[in-house]
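Given next are the chains, with one letter for each unit.
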Amino acid sequence: MEVQKTTLYNYHKNLGAKFVPFAGYEMPIQYKEGIVKEHISTRSYAGFFDVSHMGQFFLEGDDTLINALEKIIPADLKSLKLNHSKYSFLLNENGGIIDDLIITKTLKGFCIILNAACKNNDVKEISKFLSKDHKYFMNSDLSLIALQGPKSVEILEKLTPGVSNLKFMTGANFNFEGKNLYITRSGYTGEDGFEISIPNQKVEKLIQFLIDNKVNPVGLGARDTLRLEAGLCLYGHDLNQEINPIEANLKWAIAKRRREEGGFNGWEKIKELLTSGSNKKRVGILPEGRVIARENTKIFSEQGEEIGVITSGTFGPSVKAPVAMGYVNSNFSKIGTKIQLEVRGKKHEAKVSELPFFKKSYVK
Amino acid sequence: MVVNMSEKKFSKKHEWVSLDGDTATVGITKHATEMLGDIVFVEVPEAGKIVEKDGQAAVVESTKAASDVYSPISGEIIEGNKSIVDDPGNVNSDPEGASWFFKIKLKNKSELDSLMSITEYEKFVAENPS
């Protein structure tokens, strides 16, 4: 498959971006300032991220659409109010996570933001449950820009007055030079911020506005350090088809009504695990000292028994220490449990930690 | 071949070597730090360790990834630079000066002949962009 580019590709180039192939796209991993500065300026001021590679998938239909989607998504879509969003998943028959997503109730149905690497397969999986009365399409005429950080609201309010009234995980339509923007208060950094769905032909103008307001571009590198400090999962690393939401410690993302009533892929497995507990569990991990435990690092108990594996690990620029998450045998998942990480053949002390590593500041 | 004390030699793996008698100082080049990005972790070898030419001798990690640092020459480690272990960001600010990685007692001076001069290294970097 040919490598794809987002509408902003040349713009990124002019901003000094270094590109990497990611999910079939050429995406900026960092700009001139580098990952640490991009990370810090997002937390102290604001940063913008081009996330137009992600799927903006729209579904339209009557109430039967809700029933269809609830067969593969364990969120309470029946009671999801207009312009409200939920974090959820597509589940396979064993309860494994096909993708994690944000679903928003729209006037005609739903909008789902899908991971770039999964989006084509996701459509296949979702469409298995749809009928001819349901309309669906991936909208590639839209770009998606995340604006994250404490100054985001003040800055965006100047462009689209009223965004400051949005609460976390809600959205609304705004007018920008005669074009419709759909803006939600959400993100993937642990900071207050917005995701702006905007027609491709207007996206450069939006970016120019942000740059004029001293908002720096942020690449995938800092996106990863920010989300990991915020304790958020990255699909393909912390989540995959072999892992279910109970193991992933994401039970909260399965609606209470759905947990009780079931009627979705993998419910039997999940119901069983809700009572018995899972054998393994996703936990936060803080290595002692400076050593960085990256993905696939083996985890051992103090007694030397292999008990799990790291799925994400990096240096947290705001925590000012290495941070990681991974899966351990549930007997070792209690916060504070001492564990050992094998890095380059040597065992290093670490402990199971609370998530997030960096405290969030969402506007609720 | 006579090696000028002040003259640095460079490897294809982006290490530099400068010689003082039979002691060499080894570090990574500015170009290497630019490719790596923000350096957040460094591991240097202990004194007494024997390293082979092109053998793994140290580790450098950026926010992106971990990389091995190879010794461009064989010998015995005299000292690892503890100051970059305590403050890895210093490697970004002064890679070819104060932020050297290790000092090594040379086993075979002729190994230096296979390394590049600054002009050759600059040409190599230009022809092999990352």
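Draft legend 1. Quick peek at the nonpolar core. Grouped together as the largest cluster of nonpolar side chains are 26 residues, with contacts concentrated most on Ile145(A), Ile183(A), Ile196(A) and Leu210(A). Mapped onto this core, the elements with two or more residues apiece are strand E9 (142-148), helix H5 (152-159), strand E10 (171-176), strand E11 (179-184), strand E12 (193-199) and helix H6 (203-212) of chain A. With five residues, H6(A) is the largest single contributor of residues to this core. Those residues in contact with Ile145(A) that sit more than four places away from it in its chain are Leu8(A), Phe48(A), Phe49(A), Asp50(A), Phe194(A), Glu195(A), Ile196(A), Ile198(A), Val203(A), Leu206(A), Ile207(A) and Leu210(A). Ile28(B), Ile77(B), Ile104(B) and Leu115(B) belong to the second-largest nonpolar core, a separate cluster that totals 25 residues.

Draft legend 2. Empty space enclosed by the protein, seen in detail. Residue and element names in this part refer to chain A. For the coordinates displayed, the defined rule picks out one cavity of 30 Å³ or more. Of the voids in this model, the largest cavity is the one considered here, and its volume is about 50 Å³. Residue lining of the largest cavity: Met27, Pro28, Tyr31, Phe49, Asp50, Val51, Val218, Gly219, Leu220 and Arg223, and that is the complete set. Those elements that provide at least two residues to the lining of the largest cavity are strand E2 (25-30), strand E3 (47-50) and helix H7 (220-229). Across the lining of the largest cavity, the residue classes break down as seven nonpolar, one polar and two charged.

Draft legend 3. Spatial organisation of the interface of chain B and chain A. Contact with chain B, which involves 17 residues of that partner, is made by 14 residues of chain A. Roughly 1,300 Å² of surface becomes buried between chain B and chain A when both sides are summed, with 49% attributable to carbon and sulfur atoms. When residues of chain B are sorted by the area they lose upon contact with chain A, Val40(B), Thr63(B) and Lys64(B) head the list and together hold 41% of the total. At the surface where chain B touches chain A, the tally comes to three salt bridges. At the boundary of chain B and chain A, one finds 10 residue pairs in polar contact (both at pLDDT 80 or more). Going through the elements one at a time, helix H1 (30-36), strand E4 (39-43), strand E6 (56-62) and helix H2 (82-86) of chain B are the ones with two or more residues in the side of chain B that touches chain A. Here the residues of the side of chain B that touches chain A are counted per class, giving eight nonpolar, three polar and six charged.

The rules we used
- Residues numbered from 1 in each chain as written.
- Chains lettered and ligands numbered in written order.
- Predicted model: local features only at pLDDT ≥ 70, side-chain atom pairs only at ≥ 80, totals over all residues.
- Heavy atoms only, no water.
- Core = buried A, V, L, I, M, F, W, Y, C linked by side-chain atoms within 4.5 Å.
- Buried < 20%, exposed > 50% of the residue type's maximum accessible area, 1.4 Å probe, protein only.
- Helix = DSSP H or I, 4+ residues; strand = E, 2+ residues; numbered from the N terminus.
- Contact = heavy atoms within 4.5 Å.
- 1 Å grid on protein atoms, 1.4 Å probe; cavity = no way out; pocket = protein on both sides within 12 Å on 5 of 7 lines; lining within 4 Å.
- Points joined across faces, edges and corners; volume = space filled by probe spheres on them.
- Nonpolar A, V, L, I, M, F, W, Y, C, P; charged D, E, K, R; others polar.
- Buried area = accessible area lost by both parts, 1.4 Å probe.
- Salt bridge = Lys/Arg side-chain N within 4 Å of Asp/Glu carboxyl O.
- Polar contact = N/O pair within 3.5 Å; in protein donor to acceptor, adjacent residues only side chain to side chain.

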